[in-house]
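Letter by letter, the chains look like this.
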Amino acid sequence: MHDEPNLPNYGMRGHGARLQEGMVIAVEPMVNAGRPEVRMRDEWVAETADGSPRRTSNTPWRLPQRPWILTRPKEMTGPSW
């Protein structure tokens, strides 16, 4: 599932790799509702150390016109970009 390129989710705006048309990537910042400490359940799954809820990823697809968020919940309204 995980493949090159590895793109960090931090840095200076306008610097770094640019998404090319047709690319699909996983954006995986971990946003915790509780404390910032995390633990690894296994090689792939990170969870909060205090058991608080977290949100960890979205999957955008770079189309010619704009990105499309493939992991957007169906109940959301409005544009998917």
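Residues numbered from 1 in each chain as written. Predicted model: local features only at pLDDT ≥ 70, side-chain atom pairs only at ≥ 80, totals over all residues. Heavy atoms only, no water.

## Details of a nonpolar patch on the surface
Then step 1. Together, Val24, Trp61, Trp68 and Leu70 make up an exposed nonpolar region whose accessible area comes to about 370 Å².
Then step 2. Here Val24 is to be found in the segment before strand E1 (31–32).
Then step 3. Relative accessible area serves as the criterion here: at 47%, Val24 is assigned to the partly exposed category. (Patch = residues over 30% accessible without salt bridge, like charges linked within 9 Å, V, L, I, M, F, W, Y side chains within 5 Å. Areas by Shrake-Rupley, 256 points an atom, 1.4 Å probe, with all protein chains shown as cover. Salt bridge = Lys/Arg side-chain N within 4 Å of Asp/Glu carboxyl O. Helix = DSSP H or I, 4+ residues; strand = E, 2+ residues; numbered from the N terminus. Buried < 20%, exposed > 50% of the residue type's maximum accessible area, 1.4 Å probe, protein only.)

## With respect to the pattern of salt bridges
Side chains that differ in charge, positive against negative, can pair when their charged atoms come close.
Then step 1. Following the criterion strictly, the structure yields three salt bridges and no others.
Then step 2. Between Arg39 and Glu47 there is a salt bridge, with the nearest N and O atoms lying 3.0 Å from each other.
Then step 3. The class of Arg39 is partly exposed, set by a relative accessible area of 40%.
Then step 4. For Arg41, the salt bridge identified is with Glu47, shortest N-O distance 3.0 Å.

## A short note on the layout of surface pockets
Then step 1. Reported here for the largest pocket is a volume of approximately 1200 Å³.
Then step 2. Lining the largest pocket we find 31 residues, and of these Leu7, Pro8, Ile25, Ala26 and Val27 sit closest to its centre. (1 Å grid on protein atoms, 1.4 Å probe; cavity = no way out; pocket = protein on both sides within 12 Å on 5 of 7 lines; lining within 4 Å. Points joined across faces, edges and corners; volume = space filled by probe spheres on them.)

## Structural notes on the environment of Gly51
Then step 1. Looking at where Gly51 falls in the secondary structure, it is placed in the loop between strand E3 (46–48) and strand E4 (54–55).
Then step 2. The exposed category is assigned to Gly51, whose relative accessible area is 58%.
Then step 3. Residues Gly51 and Glu37, 14 residues apart in the sequence, show an inter-C-alpha distance of 10.0 Å.

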